[in-house]
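Fold and geometry: a report
So the chains spell out like this:
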Amino acid sequence: MYNSTGLAIFSFRHRVEPALVIWSLILCLVGRACNIFPLAILVNRFREHQITRRMMFIMWFSGLRGAISYALSLHLEFSDETRHVIITSTLIIVLVTTLVFGGSTMPLMKILQTSSNQKIGRRRRGRKGKTAISLSKTKEWVSQLITYS
């Protein structure tokens with residue numbers, strides 16, 4: 001009964017309800033958006049370095065996983081038929097969010113970074129002496145070492 005998500009595909013009889021899977025996935029995305037965006041805006045009131053809209057979008061897009069939800073679905077006490085539908089739906093959502101959303105996070109970040117670099121490049125020409133903010137401490141330390149050398 002305690003198996004990994006990958007092995008769960010072969011471990012029991014599945015019963016797919018497409019409408020339940022689609023609506024569950026949509027509601028997961030909506031619920032995540034209802035948490036990420038308002039909380040990030042609230043947190044920005046108290047932060048020196050703001051969470052940009054792009055960062056909020058990446059947090060919303062790439063944060064959907066479900067190993068815990070899958071583990072919880074294994075412990076539901078319903079009839080076998082209902083339990084199989086819920087476990088199968090949860091498993092499909094976990095796999096879709098991991099493979100599709102997780103797999104496309106890096107290309108999405110590259111696309112957003114490219115468009116961000118173009119805007120920063122335009123800003124740099126207009127402002128003399130201003131530098132872009134980096135969220136990477138390693139990159140920041142390396143640039144400081146190079147500057148001081």
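Owing to the predicted nature of the structure, the values given are computational and were not obtained by experimental measurement.

Counting residues in each nonpolar core, the largest one holds 11 residues, listed as Leu29, Ile36, Ala40, Ile51, Met56, Ile58, Trp60, Phe61, Phe101, Leu108 and Leu112. Contributing elements (two or more residues each) for this core: helix 2 (18–44), helix 3 (53–62) and helix 6 (105–126). If you tally residues by element for this core, the top one is helix 3, at four residues. In contact with isoleucine 36, not counting residues within four places along its chain, are Met56, Met59 and Trp60. Listed in part, the five residues of the second largest apolar core include Leu74, Ile87, Leu91 and Val94.

Taken together, the side chains of Ile22, Trp23, Ile26, Leu27 and Val30 make up a nonpolar region of the molecular surface, amounting to roughly 520 Å² of accessible area. Along the polypeptide, isoleucine 22 turns up in helix 2.

Moving on, we come to the packing of aromatic side chains. For the structure on display, the rule yields four aromatic pairs. Their ring planes at 45° and their centres at 5.5 Å tell us that phenylalanine 57 and tryptophan 60 sit as a pair that is tilted. With phenylalanine 57 and tryptophan 60 both in helix 3 and three residues apart, the pair spans about one turn of that helix. With a centroid separation of 6.5 Å and an interplanar angle of 55°, the aromatic rings of tryptophan 60 and phenylalanine 61 are classed as tilted. Of the two residues, tryptophan 60 and phenylalanine 61, both sit in the buried class. Members of the aromatic cluster, connected to one another through ring pairs, are Phe57, Trp60, Phe61 and Phe101.

Axis separation between helix 2 and helix 5 (residues 80–103) bottoms out at 10 Å; the angle between their running directions is 55°. What the angle tells us is that helix 2 and helix 5 run oblique. Where helix 2 crosses over helix 5, the two elements pack in a sense that is right-handed. Here helix 2 contributes Leu20, Val21, Ser24, Leu25 and Leu29 to the contact with helix 5, which in turn contributes Val85, Ser89, Ile92, Ile93, Val96, Thr97 and Phe101.

It is worth spelling out the packing of helix 4 (residues 67–74) against helix 5 at this point. Two elements in contact, helix 4 and helix 5, have axes separated by 9 Å at closest approach and are oriented at 170°. On the basis of their axis angle, the class for helix 4 and helix 5 is roughly antiparallel. Residues Ala67, Ser69, Tyr70, Ser73 and Leu74 of helix 4 touch helix 5, and the partners they reach there are Arg83, Ile86, Ile87, Thr90, Leu91 and Val94. Classifying every residue of the contact of helix 4 with helix 5 by side-chain character gives seven nonpolar, three polar and one charged.

Criteria and cut-off values
- Residues numbered from 1 in each chain as written.
- Predicted model: local features only at pLDDT ≥ 70, side-chain atom pairs only at ≥ 80, totals over all residues.
- Heavy atoms only, no water.
- Core = buried A, V, L, I, M, F, W, Y, C linked by side-chain atoms within 4.5 Å.
- Buried < 20%, exposed > 50% of the residue type's maximum accessible area, 1.4 Å probe, protein only.
- Helix = DSSP H or I, 4+ residues; strand = E, 2+ residues; numbered from the N terminus.
- Contact = heavy atoms within 4.5 Å.
- Patch = residues over 30% accessible without salt bridge, like charges linked within 9 Å, V, L, I, M, F, W, Y side chains within 5 Å.
- Areas by Shrake-Rupley, 256 points an atom, 1.4 Å probe, with all protein chains shown as cover.
- Salt bridge = Lys/Arg side-chain N within 4 Å of Asp/Glu carboxyl O.
- Phe/Tyr/Trp six-rings, centres within 6.5 Å; stacked < 30°, edge-to-face > 60°.
- Axes fitted to C-alpha atoms, helices over the stretch in contact; angles between N-to-C directions.
- Parallel < 35°, antiparallel > 145°, perpendicular 65-115°, else oblique.
- Left-handed = near helix turned anticlockwise from the far one by under 90°.
- Nonpolar A, V, L, I, M, F, W, Y, C, P; charged D, E, K, R; others polar.

By themselves, these observations are geometric and do not establish any function.
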